[in-house]
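Per-entry structural report
Letter by letter, the chains look like this.
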There are 2 protein chains.
Amino acid sequence: MDIMKPSILPGFMELLPADQLLFNRMLDTIRSNYEKFGFLPIDTPIIEKSEILLAKGGGETEKQIYRFNKGDNDLSLRFDLTVPLARYVALHSSELTFPFRRYQLGKVFRGERNQKGRFREFYQCDIDIIGNGQLSILNDAEIPSVIYSTFKDLGFASFTIRINNRKVLNGFFSALALANKADVLRIIDKLDKIGPEAVINELRALGLEESAIVKLMTFIQLKGTNEEVLTKLRAMNLDNPEFNLGLEELTQVISYVGLLNVPEENYQIDLTIARGLDYYTGTIYETILNDYPSIGSVCSGGRYDNLAGYYTKQQLPGVGISIGLTRLFYQLKEANFFKIDHPAPSEVLIVTLGTTVDYALNVAQKLRAQGLTLQLYYEDGKLAKKLAYADKLSIPWVILLGENEVTENIVTLKNLQTGEQRSLDIDDAIELIKA
Amino acid sequence: MDIMKPSILPGFMELLPADQLLFNRMLDTIRSNYEKFGFLPIDTPIIEKSEILLAKGGGETEKQIYRFNKGDNDLSLRFDLTVPLARYVALHSSELTFPFRRYQLGKVFRGERNQKGRFREFYQCDIDIIGNGQLSILNDAEIPSVIYSTFKDLGFASFTIRINNRKVLNGFFSALALANKADVLRIIDKLDKIGPEAVINELRALGLEESAIVKLMTFIQLKGTNEEVLTKLRAMNLDNPEFNLGLEELTQVISYVGLLNVPEENYQIDLTIARGLDYYTGTIYETILNDYPSIGSVCSGGRYDNLAGYYTKQQLPGVGISIGLTRLFYQLKEANFFKIDHPAPSEVLIVTLGTTVDYALNVAQKLRAQGLTLQLYYEDGKLAKKLAYADKLSIPWVILLGENEVTENIVTLKNLQTGEQRSLDIDDAIELIKA
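First, a word on what this report is: a plain description of the structure on this page. Every chain's residues receive numbers from 1 upward, in the order its sequence appears when written. Naming scheme: in the order in which they are written, chains are lettered from A and ligands are numbered from 1. Reporting of local features is limited, given that this is a predicted model, to residues whose pLDDT is at least 70; pairs of side-chain atoms are given and counted only at 80 or more, and all residues count toward the totals for whole chains, interfaces and linings. With hydrogens and water excluded, all non-hydrogen atoms of the structure serve as input to the side-chain values.

Turning our eyes to something else, we now look at the overall build of chain A. Here a strand is any run of E in DSSP of at least two residues, a helix any run of H or I of at least four, and the numbering for each starts at the N terminus. Summing up its helical and strand segments, chain A has 16 helices and 16 strands in all. Taken against the 2.2 N^0.38 rule, which gives 22 Å for 435 residues, the C-alpha radius of gyration of chain A at 28 Å runs more than 25% over that of a compact globule. With the principal axes as the frame, chain A shows a C-alpha extent of 90 × 60 × 45 Å. In chain A, which comprises 435 residues, the share counted as buried stands at 59%. Here, residues are in contact when the closest pair of their heavy atoms is within 4.5 Å. Partitioning the intrachain contacts of chain A with sequence separation of at least 6 by distance along the chain shows that 67% fall at a separation of at least 24. For chain A, the distance from the average position of its 47 positive side-chain charges to the average position of its 56 negative side-chain charges is 4 Å. The reference for a compact globule is 2.2 Å times residues^0.38; the radius of gyration itself is calculated from the C-alpha atoms. Per-residue accessibility, obtained with a 1.4 Å probe over protein chains only, is compared with the maximum for each type, and a residue is labelled buried under 20%, exposed over 50%, and partly exposed between these values. Just so you know, the count uses Lys and Arg for positive and Asp and Glu for negative, and it drops His and the chain ends. Here the site of a charge means atom NZ of a Lys, CZ of an Arg, CG of an Asp or CD of a Glu.

Right, here's the structure in full:
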């Protein structure tokens, strides 16, 4: 037979089992936190009609989409979980209970230019709360408590949830009478990446007056505790309704996040974050891992006025966040975040020496009945090979069963970490393993 | 804005949250059982190179594949998890530990003709054990114990794992000097569906002699306990090495399945099952839910001599099974299998009456600290609407917090099943909910 050299496409992450266990553990932690806050799971198709996914149309995204025909159908692979959510809520609206709290974890696809650390197939882990007609600002305050709970459980010692409000930004710009808000937003969003000098240069190139630039830079660099920043914002006494509404929302969100027991050190008003996406209309979030700042935001999102305007006349305001897990995992791995290299698939490996399989199966049943996870090594071969199997999979205990163990109705238990080996009753072995 | 009517493609399953919870629960049960037996997770890309996925080439499957170009690349969506496994093992062989026990749960894609109960995107839940050069027959015996454990946990009261061996079938056909084994296999595989009369007619149409047909029908209708069937097979005294090797394997598998504590009523030699796929070479399995026989086999698989001959010269024998969960879920739902319609996303809903949010958040923290899952209803509106929210989501407990509760530092707890309502201390409420 002709052999075809096996390979996968560039830009697609495929992990060895030990890493897959770590990845799945993160996915499980995210899911259990989302569920703890009452979010319901949905699972939309990976393939949808192109006209549906691209209803909004246009831009960079469209070029990246995996789009193709099958029969008469123009099909696309989903490129995020937000457009499918909008379509889902519009389609099933009458059968859903609002506010609709949903989570979805799944792969999305973008045929991006191939580069290190960028993936064409990657997991997004999203939550959104969708209101029918209206949605309380308290939901905006709950989101950071979900982020806090999730990232604590993921094992991050120090992280900051940056919070801002688009109305504060927009209102401020209006007060400054800036014509090109979208461009200004795009530029200040880069402050972290390119620094204040470069931001000032870009603002000048945009044609902003020096006085406006000074005010803008002062504004976006307002520092202090959350209370101090809010006080300074109020002290600006801006006569702009949008600004003042945004400031009121921000004040409420900050206050309730505290009441939801998120420690003060884990959330911070940051007037520089703007989120590029044009559909955010209120609260916006980014999350920075303080020990890995170069990763950038690992969990972002915000409040929007209307989720599904392309598919329904129903007004559906919402607030949500997304974690891009594939990229995060890749970068944490690169940064040596993971302390355990190889989580063990089982606690015990049972090894037969000679024809002792019947006895081994019997021992296995007794261990399983006590809740231990185990596997049996059935293959022929030298003892060293069998022990190497356990060692490679990080299985901590090996039970060796030869003729002697059968005759005396005992087991020989080996601890692979210490190398210690003892013959003892099955019950004693179970106790030792559990201890 | 123009509204586009939301829709999804036919043949794609999309569930409402209550059903999604049931579906995910099944997926979790399958996964935890696979993990209990020491199988390691892998997650291969959904998109692969067409030349890789189609190395084996041809047939019905190829027409069903979602295949397309992006840039210069000829891409396909995976249509099963077995071809990606073969590619994975061949690609990563030097980094894997053999026998390699892997599980994979994921969506696969087949553009089948649209019909009720058939899906173009569906979940497969696979385990396989892959040996390097050789693999003990004991692994074949372990597979039914995994099936047993999994389907018990899924809540099925009665099911039968049918076991056969391709060598027994092939050897018997050779002894009968049948030329067209593949056709005969295909026909007898239909016994359950079309009945013995029709099978006999098809065998005649194939040109088999009457004496051969009689022997064949006697053989595939051999009945009795596993021990009786094995005794009858041995009594045939067939002088065919393949038959005798298969009989020896079948005897061992049946004996060890018993030692692995699978009850006799849950596994049965069935000489009629042949599995259409041509790569099985030894033990084969099907699983029938006895209360839903019309669903057909819900978990099938078998032993094969060489997993990845298209990608490597390494001999990789294996044994595995697959559960097609999307179709199974659909059919169980149709058959009213699920007793609980709406698993609750939370145990408690906290409802504020008036401006009692601060107190409500405080109560929420206390409940969460005690491990209760809860959510808060933040929206304005009448009490009836708030209670309806809990009711629709099957949340069993509602905590009502008005000015009175704040003043007295108590909560009012309502049981939505009984309608009973009591005002009490927070600690007492927690105790009551937990009880």
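Our next topic: the pairing of strand 13 (residues 374-377) of chain A. The side-chain alternation of strand 13 of chain A yields two buried faces, one formed by Leu374 and Leu376 of chain A and the other by Gln375 and Tyr377 of chain A. By convention a crossover is right-handed if, when the strands point away from the viewer, the path from the first strand over the helix to the second runs clockwise. In this fold, strand 12 (residues 348-352) of chain A hands off to helix 13 (residues 357-369) of chain A, which returns the chain to strand 13 of chain A; that crossover is right-handed.

Taken together, the contact between chain B and chain A spans 96 residues of the former and 96 residues of the latter. Both sides together, the interface formed by chain B and chain A hides about 8,800 Å², and carbon and sulfur atoms give 62% of it. For this analysis, a salt bridge means a side-chain nitrogen from Lys or Arg found within 4 Å of a carboxyl oxygen belonging to Asp or Glu. For the pair chain B and chain A, the interface holds six salt bridges. Take the side of chain B that touches chain A: its biggest share by element is eight residues, from helix 1 (residues 17-36) of chain B. Across the side of chain B that touches chain A, the residue classes tally to 52 nonpolar, 19 polar and 25 charged. Buried area adds together the accessible area that both of two parts lose upon being put together, with accessible area traced by a 1.4 Å probe. In the scheme used here, Gly and all other residues not listed as nonpolar or charged are polar, with Ala, Val, Leu, Ile, Met, Phe, Trp, Tyr, Cys and Pro taken as nonpolar and Asp, Glu, Lys and Arg as charged.

Residue and element names in this part refer to chain A. Here Ser76 lies in strand 4 (residues 73-77). Once the C-alpha coordinates of Ser76 and Ile46 are considered, the two residues, 30 residues apart in sequence, prove to be 8.3 Å apart. Excluding residues that lie within four positions of it along the chain, Ser76 makes contacts with Ile46, Ile47, Glu48, Ser50, Leu53, Leu54, Ile65, Tyr66 and Arg67. Here a polar contact is recorded for every N or O atom pair within 3.5 Å, except that within protein the pair must consist of a potential hydrogen donor and a potential acceptor, and residues adjacent in sequence are included only if both atoms are side-chain atoms. Side-chain polar atoms of Ser76 contact the side chain of Ser50, separated by 2.8 Å.

We now examine the packing of helix 6 (residues 166-175) of chain B against helix 9 (residues 210-220) of chain B. Residue and element names in this part refer to chain B. Axis separation between helix 6 and helix 9 bottoms out at 11 Å; the angle between their running directions is 160°. Accordingly, the angle class assigned to the pair helix 6 and helix 9 is roughly antiparallel. At the point where helix 6 passes helix 9, the crossing takes the right-handed sense. Contact residues: Val168, Leu169, Phe172 and Phe173 in helix 6; Lys215, Leu216 and Phe219 in helix 9. Fitted lines through C-alpha atoms serve as axes, helices being fitted only where they are in contact, and the angles separating the N-to-C directions of these axes extend from 0 to 180 degrees. Any angle that falls under 35 degrees is termed roughly parallel, while one over 145 is termed roughly antiparallel, one within 65 to 115 roughly perpendicular, and all others oblique. Should the near helix be turned counterclockwise from the far one by less than a right angle, the crossing is left-handed, whereas a clockwise turn marks it as right-handed.

Laying chain B over chain A is done by rotating through 180° and shifting 0.0 Å along the axis; what remains is an RMSD of 0.1 Å. The superposition of one copy onto the other is thereby described by a two-fold rotation axis. Looking at the rotation axis and the C-alpha trace of chain B, the residue lying nearest is Phe68 of chain B, at 3.0 Å. A share of 100% of the interface residues of chain B reappears at the interface of chain A, consistent with the copies meeting face to face through the same patch. Superposing the copies works by least squares over the C-alpha atoms of residues that have pLDDT at least 70 in both of them.

The next subject is the sheet that holds strand 13 (residues 374-377) of chain B. Residue and element names in this part refer to chain B. Reading across from one edge, 13-12-14-15-16 is the order of the five strands in this open sheet, with mixed pairing throughout. Of all the strands in the sheet, just strand 13 and strand 16 (421-424) have a single pairing partner and so form its edges. Mean inter-strand twist for the sheet, computed between neighbouring axes without regard to direction, equals 25°. Its contacts with the sheet place helix 14 (residues 383-392) against strand 12 (348-352), strand 13, strand 14 (397-401) and strand 15 (411-415), and it is angled at close to 165° to strand 12. Note: two strands are recorded as paired if DSSP finds a minimum of 2 bridges between them.

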